[in-house]
Amino acid sequence: MGLEFDDVAGQRIVTFGTGPRTIIAVHGITASLMAWGAVGRRLPEGWRLVAMDLRGRGHSAALPGPYGLPRHAEDVLRVADHVGAGPDAVLTGHSMGAYVAALAAAERDFARVVLVDGGLPLPPLPEDADVDEVMEVTLGPAIARLRQTFPTADAYVDFFKAHPAFAGQWNADVEAYVRYDLTGPEGALRSRAVEEAVLQDGRWLRLEPEAIAAALGSVQTPLTLLRAPRGLLNQDAGFLPDDLALPWTTRLPGLRDEVIPDCNHYTILFHDRCASAVVTHLTSLA
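All values reported here derive from a predicted model rather than from experimental measurement.

1. Quick look at the overall build of the protein
Scanning the protein for helices and strands turns up twelve helices and ten strands. The C-alpha radius of gyration computed for the protein amounts to 17 Å, which stays within 12% of the reference 19 Å derived for 286 residues, consistent with globular compactness. Across the 286 residues of the protein, 55% fall into the buried class. Residue pairs in contact within the protein that sit at least 24 positions apart in sequence constitute 71% of those at least 6 positions apart. Looking at the protein as shown, the accessible area adds up to about 11500 Å², and 53% of this sits on carbon and sulfur atoms. For the protein, the centre of its 24 positive side-chain charges and the centre of its 36 negative side-chain charges are spaced 4 Å apart.

2. Considering the side chain of Asp53
Along the chain, the position of Asp53 falls in the loop between strand S4 (47-52) and helix H2 (69-82). From its side chain, Asp53 meets the backbone nitrogen of His59 in a polar contact 2.8 Å long. If sequence neighbours within four positions are ignored, Asp53 has contacts with Gln11, Arg12, His27, Ser32, Leu33, Gly58, His59, Ser60 and Tyr180.

3. Digging into the sheet that holds strand S1 (residues 4-8)
Strand-to-strand pairing in sheets goes through backbone hydrogen bonds, with the strands running parallel or antiparallel. Pairing in this open sheet of eight strands is mixed, and the strands run S1-S2-S4-S3-S5-S6-S9-S10 from one edge to the other. Looking at strand neighbours, the two that pair on one side only are S1 and strand S10 (255-259), the edges of this open sheet. Along the sheet, successive strands turn relative to each other by an average axial angle of 20°, direction set aside. The sheet contact formed by strand S2 (residues 11-17) and S4 spans five bridges and is antiparallel. The residue bridging Phe16 from the neighbouring strand is Leu49, located in S4. Those strands touched by helix H12 (residues 272-283) are strand S3 (21-26), S4, strand S5 (90-94), strand S6 (112-116), strand S9 (223-227) and S10, and its axis lies near 160° from that of S6.

4. Examining the pairing of S9
Of all the five residues making up S9, five are buried; the element is thus mostly covered by neighbouring parts of the structure. A two-sided burial pattern is seen for S9, the buried positions comprising Leu223, Leu225 and Arg227 on one face and Thr224 and Leu226 on the other. Relative to S9, S6 runs parallel, the two sharing four bridges. Of the residues in S9, the one forming a bridge with Val114 is Thr224.

5. Overview of the packing of H2 against helix H8 (residues 195-207)
Closest axis-to-axis distance for the H2/H8 pair is 9 Å, and the angle between their directions is 105°. Of the possible angle classes, the one that applies to H2 and H8 is roughly perpendicular. Mapping the contact onto sequence places Leu69, Pro70 and His72 in H2 and Asp201, Trp204 and Leu205 in H8. Classifying every residue of the contact of H2 with H8 by side-chain character gives four nonpolar, one polar and one charged.

6. Notes on the layout of surface pockets
Approximately 440 Å³ is the volume attributed to the largest pocket. Together, 21 residues line the largest pocket, and Leu122, Thr138, Arg206, Leu232 and Phe239 are the ones closest to its centre. Here the lining of the largest pocket gets five residues from one element, more than from any other, and that element is helix H4 (residues 131-139). Looking at side-chain class alone, the lining of the largest pocket contains 14 nonpolar, six polar and one charged residues.

7. Observations regarding the pattern of salt bridges
Under the definition given, this model contains 19 salt bridges. Arg203 is the partner of Glu196 in a salt bridge, and the nearest nitrogen-oxygen pair spans 3.5 Å. Judged by its relative accessible area of 25%, Arg203 falls in the partly exposed class. For Asp242, the salt bridge goes to Arg227, with nearest N and O atoms at 3.0 Å. With Asp242 in helix H10 (residues 242-251) and Arg227 in strand S9, this residue pair connects regions lying 15 residues apart in the sequence. Of the residues examined, Asp242 reaches a relative accessible area of 54% and is grouped as exposed. A relative accessible area of 5% means that Arg227 is categorised as buried. Where salt bridges share partners, they join Arg41, Arg42, Asp173 and Asp272 into one cluster.

8. Concerning the UniProt feature "domain: AB hydrolase-1" (unreviewed entry) in the protein
The feature "domain: AB hydrolase-1" (unreviewed entry), as given by UniProt, occupies residues 22-271 in the numbering adopted here. Measuring from the first to the last C-alpha atom of residues 22-271 gives 23 Å, for a span that is 38% helix and 14% strand.

Rules and cut-offs
Residues numbered from 1 in each chain as written. Predicted model: local features only at pLDDT ≥ 70, side-chain atom pairs only at ≥ 80, totals over all residues. Heavy atoms only, no water. Helix = DSSP H or I, 4+ residues; strand = E, 2+ residues; numbered from the N terminus. Rg over C-alpha atoms; globule rule 2.2 N^0.38 Å. Buried < 20%, exposed > 50% of the residue type's maximum accessible area, 1.4 Å probe, protein only. Contact = heavy atoms within 4.5 Å. Areas by Shrake-Rupley, 256 points an atom, 1.4 Å probe, with all protein chains shown as cover. Lys, Arg positive; Asp, Glu negative; His and termini not counted. Charge placed at Lys NZ, Arg CZ, Asp CG, Glu CD. Polar contact = N/O pair within 3.5 Å; in protein donor to acceptor, adjacent residues only side chain to side chain. Pairing = 2+ DSSP bridges. Axes fitted to C-alpha atoms, helices over the stretch in contact; angles between N-to-C directions. Parallel < 35°, antiparallel > 145°, perpendicular 65-115°, else oblique. Nonpolar A, V, L, I, M, F, W, Y, C, P; charged D, E, K, R; others polar. 1 Å grid on protein atoms, 1.4 Å probe; cavity = no way out; pocket = protein on both sides within 12 Å on 5 of 7 lines; lining within 4 Å. Points joined across faces, edges and corners; volume = space filled by probe spheres on them. Salt bridge = Lys/Arg side-chain N within 4 Å of Asp/Glu carboxyl O. UniProt positions renumbered as here; feature names shortened; annotations may be inferred.

Here it is in structure tokens:
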């Protein structure tokens, strides 16, 4: 898979595929542009997918804060302009990236918006809840790795192989995603993701449900929600369970909601069948 990297004011972008039709893709809270590798290499002829490292992640880690999802939405629209994404472009995001996509789509029309296991306001936290503690519990190993160093790249790969979401689901796309995330000297390798960026973004996501709801209500183009039935740690409860999604399919009559079976929050982008299903929704002309 040949990859074409570029730089937009310090923000790393990559293009998968070639063609006149464009997909702008946004990754999750501790991820990178390589989260879209499995989807990008399955594109049909005539399509390209442009993904970016959000500020504080990947090769955009040096871009300064403040962070927060509205800042990322501004970056997404700047990248869309840079690559000449016209009104026929598709916008998509996974996990936190789906929320960023919703905010961006509220500011500019796309042909359609595809939210992959994210984008719906999460239930409000109890008044006495500590949002950082909530993130530690829900994100689990994703947060833990930001504070660790690893002696070798293979040790980092082994750390990911032990993640419950990837048990029995390891493949070359996951490995490329993991190895892309590494930086630092041999013997003290670490994730490129900046912990403060992750924490700021996580706080915004949990504390601003009204802003997310308003953005969803402002999107004028067709919306598709693709959900995984299993969660971040491969647990039975998905990140967006039925009881959370149903009210939004009623509130937004134009929202198409579909569960992609037999995948979790991560493998929805990496598993062969699941990634192919995502591609079908992204490139459908209906």
